[in-house]
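What follows is each chain in one-letter form.
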Amino acid sequence: MTSFKEDVLSRRTFAIISHPDAGKTTMTEKLLLFGGAIRDAGTVKGKKSGKFATSDWMEIEKQRGISVTSSVMQFAYSGYNVNILDTPGHQDFSEDTYRTLMAVDSAVMIVDAAKGIEAQTLKLFKVCRMRGIPIFTFINKLDRQGKMPLELLEELEEVLGIQSYPMNWPIGMGKEFFGIYDRYNKRVEQFRTEEADRFLPLDEEGHIAVDHPIKESSLYTEAMDDIMLLEEAGNDFSREKINSGELSPVFFGSALTNFGVQTFLETYLQFAPPPQPRVADAGEIDPLNEQFSGFIFKIQANMNPAHRDRIAFLRICSGKFERGMAVTLARTGKSTKVSQSTQFLADDRSTVNEAVSGDIIGLYDTGTYQIGDTLTGGKPVFQYEKLPQFTPELFVKVAAKNVMKQKSFHKGIEQLVQEGAIQMYKTVRTEEYILGAVGQLQFEVFEHRMSGEYNSEVRMEPIGQKIARWIENEEDITDAMSSSRSTLVRDRHGKLVFLFENDFALRWFQDKHENIRLYNLMG
Ligand code: GDP
């Protein structure tokens, strides 16, 4: 039997951030294989094989073969309990992707060695940076020719503005990939080599300690030159800087060929933080505090098309969750017993009886919960810090197809906005509804759910990509400032927002109205 404290400290809860095709799915599968949570690769996301993972609940997901949900996968590895939260990526990029990053203690950033830092990675990175969580970098696809490793590090520092510390270094690449020089574990790990011969030890000077033909090759000399340079001019290893997210440990490897993944996992587990304290209105709550508490970061509707139930994803921040326990919803002060709860695994959705700080559980919801809600067991009742709102980039005008059905239209919109599925605005002049989203799929899910759950067919007219800016000094805004290039709208809290057609329109506005102070939300 392990103690509550040991249970909590064994948790490692993280998300993978990357641009589509960098290898997130492949990496997740390899990690799950090590953890024994799945038997075959190809079960995480069946976009090619036609099989569906348990995260693909909604009808719309089946139609499109993508995962709308941030599924949660849990496995045990060498005394640790690992929770991987999936961040929806391709066309299904949405606010959920960002919010998932609010529920983790660290992030793993996967970079395609040939492509370097790409747009989506940058967006997600910024959210992690804002939270100050540790970010571990895995540079993938070394079995193919990519950018030079030093160039990649430079990009990391320049584009992301983060220091890096390579934990290992590639010797060759692509067809000439020999393996990685592991600075941390003091060994060379060979690519495509039988298990028993995989590791070559290093001597005191940091050279391969045994006779091996690679020592005579230029690949080796080049790698050793780079490593010398890193030792002399590179960043120092600093655990404090890793913890504060200022320095990213960098690993090289190839997820597809399962090379460097285990070394990455083992090193990651040593340095990644256990569950961290969270700020609430009652002060900072320690994960080792025995009172159960957590917050809801995502609500997934329509898991079972036959019912209207939803699942609210809760990140446990302190204490232990037990099935059937009484919890209080801080927002309403109401108490309920939680009898139906779900734990998430890669290929099975099983009932959870117990979970502790760091874990994610799914609670069956009949419309009680909202994103950002705090649940506590017993007293005192408190509320965790609000989740940030993210700046949408895509907008559509929306109206009910059938004017006779305004009531269900309003009800549906109200609910879905409250749930955090989409953002809503109203034009100041004409009081038209405008929806805002981070990703296109949010609109499709909205349309699907409006007709399926609220019996309301909607008409959506894309108005394209816009730059949304909130306004500090609303009192100085006049009607004349609104134009076709800068539409003035109100968000659902009644705050004024300008939707600018493009960067140019934004700059033009700022030049013309220097007294208006505009600001951006996260994202
Ligand atoms: P995701 O979109 O980030 O989830 O990326 P996937 O894991 O689906 O990978 C995208 C593509 O890259 C797939 O065709 C993978 O087989 C391939 N891929 C992933 N990792 C590697 C790797 O280490 N080497 C090579 N050559 N291909 C890889």
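This is a predicted model, so every value here is computed, not measured.

*Asks:* Requested: an account of the overall build of the protein chain, with residues and values cited.
*Replies:* Counting its secondary structure elements, the protein chain contains 12 helices and 31 strands. Each of the 523 residues in the protein chain was classed as buried or not, and the buried ones make up 45%. Intrachain contacts of the protein chain at a sequence separation of at least 6 include 69% that bridge at least 24 residues.

*Asks:* Provide a residue-level description of the site of the ligand, including the pertinent values.
*Replies:* Of all residues adjacent to the ligand, which total 16 residues, the nearest are Gly23, Lys24, Thr25, Thr26 and Leu256. Top element by residues in the shell around the ligand is helix 2 (residues 24–35). It accounts for three residues. By residue class, the composition of the shell around the ligand is four nonpolar, seven polar and five charged.

*Asks:* Tell me about the sheet that holds strand 8 (residues 179–182), residues and numbers included.
*Replies:* With respect to topology, four strands assemble into an open sheet ordered 7-8-9-10, the strand pairing being antiparallel. A single partner strand is all that each edge strand has here, and the edge strands are strand 7 (168–171) and strand 10 (199–201). Between one strand axis and the next, the sheet turns through 25° on average, direction left out of account. Bridge analysis of strand 7 against strand 8 gives four bridges, and the strand direction is antiparallel. Counted as the bridge partner of Ile171 is Gly179 from strand 8. Sheet contacts for helix 7 (residues 218–233): strand 7 and strand 8; angle to strand 7, the most-contacted strand, approximately 155°.

*Asks:* An account of the pairing of strand 22 (residues 360–365) is needed here, citing residue identities and associated values.
*Replies:* A large share of strand 22 lies buried, amounting to five of its six residues. In the sheet, strand 15 (residues 310–318) pairs with strand 22 via six bridges, with the strands oriented antiparallel. From the neighbouring strand, Arg315 faces strand 22, where its bridge partner is Ile360.

*Asks:* Can you tell me about helix 2, naming the residues and giving the values?
*Replies:* For helix 2, built from 12 residues, the straight-helix expectation of 16 Å at 1.5 Å per residue is met to within 8% by its first-to-last C-alpha distance of 16 Å. A large share of helix 2 lies buried, amounting to 10 of its 12 residues. Along helix 2, the residues that are buried comprise Lys24, Thr25, Thr26, Met27, Thr28, Glu29, Lys30, Leu31, Leu32 and Gly35. Looking at the buried positions of helix 2, the neighbouring elements they touch are strand 1 (11–18), strand 2 (72–77), strand 3 (80–85), strand 4 (106–112), strand 5 (135–140) and helix 9 (261–271). Two residues or fewer after helix 2 comes Gly36, characterised by a positive phi angle close to 70°.

*Asks:* Go over the sheet that holds strand 25 (residues 423–427) with me, naming the residues and quoting the values.
*Replies:* Within the open sheet, the eight strands sit side by side as 27-24-26-25-29-30-28-31. Their pairing is antiparallel. The two strands at the open ends of the sheet, each matched to only one other strand, are strand 27 (458–465) and strand 31 (518–519). In terms of strand pairing, strand 29 (residues 486–491) meets strand 30 (residues 496–500) through five bridges, oriented antiparallel. Its bridge partner lying in strand 30, Val489 is registered against Val497. The strands touched by helix 10 (residues 406–419) within the sheet are strand 24 (394–400), strand 25 and strand 26 (433–437), with strand 25 carrying the most contacts at an inclination of about 125°.

*Asks:* So, the packing of helix 10 against helix 11 (residues 441–454): which residues are in play, and what are the values?
*Replies:* At a minimum axis separation of 10 Å, helix 10 and helix 11 run at an interaxial angle of 125°. The angle between helix 10 and helix 11 places the two elements in the oblique class. Read as a crossing pair, helix 10 and helix 11 show a hand that is right-handed. Contacts from Ser408, Lys411, Gly412 and Leu416 in helix 10 reach Phe446, Arg449, Met450, Glu453 and Tyr454 in helix 11.

*Asks:* Tell me about the nonpolar core, and please be specific about residues and values.
*Replies:* By size, the foremost hydrophobic cluster in this structure holds 119 residues, and its most contacted members are Leu101, Ala107, Met109, Cys128, Ile296, Leu314 and Leu435. With near-sequence residues (within four places) excluded, Ile296 lies in contact with Ala312, Phe313, Leu314, Tyr369, Ile371, Gly372 and Asp373.

*Asks:* So what's going on with the packing of helix 2 against helix 9? Which residues, and what values?
*Replies:* Each pair of packed helices can be summarised by the angle the axes make with each other and by the distance between the axes. Running from N to C, helix 2 and helix 9 cross one another at 75°; their axes reach a closest spacing of 10 Å. Classed by the angle they form, the pair helix 2 and helix 9 counts as roughly perpendicular. Across from Met27, Lys30, Leu31 and Phe34 in helix 2, the residues of helix 9 making contact are Val261, Gln262 and Leu265. Residues belonging to the contact of helix 2 with helix 9 are distributed by class as follows: five nonpolar, one polar and one charged.

*Asks:* Got a sec to walk through the pairing of strand 9 (residues 187–190)? Specific residues and values, please.
*Replies:* Here is the key point about a regular strand: its side chains alternate between the two faces of the sheet. Where strand 8 lies against strand 9, four bridges are found, and the strand directions are antiparallel. Within the sheet, the bridge partner assigned to Ile180 lies in strand 9 and is Glu189. Summarising the sheet, strand 9 and strand 10 pair through three bridges and their orientation is antiparallel. Note that in strand 10 the partner of Val188 across the bridge is Leu200.

*Asks:* I'd love a proper account of helix 11, names of residues and values included.
*Replies:* End to end, helix 11 covers 19 Å across 14 residues, agreeing with the expected 20 Å (1.5 Å per residue, within 8%). After helix 11 finishes, the residue Asn455 shows a positive phi value of roughly 55°.

*Asks:* So what's going on with the environment of Ser293? Which residues, and what values?
*Replies:* Along the chain, the position of Ser293 falls in strand 14 (residues 293–301). A sequence separation of 24 residues divides Ser293 from Cys317, and the C-alpha atoms of the two residues are 5.6 Å apart. In this structure, Ser293 is in contact with Ile285, Cys317, Ser318, Gly319, Thr374, Leu375 and Thr376, ignoring residues within four places of it in sequence.

Definitions and limits used
- Residues numbered from 1 in each chain as written.
- Predicted model: local features only at pLDDT ≥ 70, side-chain atom pairs only at ≥ 80, totals over all residues.
- Helix = DSSP H or I, 4+ residues; strand = E, 2+ residues; numbered from the N terminus.
- Buried ≥ 20, exposed ≤ 12 C-beta atoms within 10 Å, placed from the backbone.
- Contact = placed C-beta atoms within 7 Å.
- Near = placed C-beta within 6 Å.
- Nonpolar A, V, L, I, M, F, W, Y, C, P; charged D, E, K, R; others polar.
- Pairing = 2+ DSSP bridges.
- Axes fitted to C-alpha atoms, helices over the stretch in contact; angles between N-to-C directions.
- Expected span 1.5 Å × (residues − 1).
- Parallel < 35°, antiparallel > 145°, perpendicular 65-115°, else oblique.
- Left-handed = near helix turned anticlockwise from the far one by under 90°.
- Core = buried A, V, L, I, M, F, W, Y, C linked by C-beta atoms within 7 Å.

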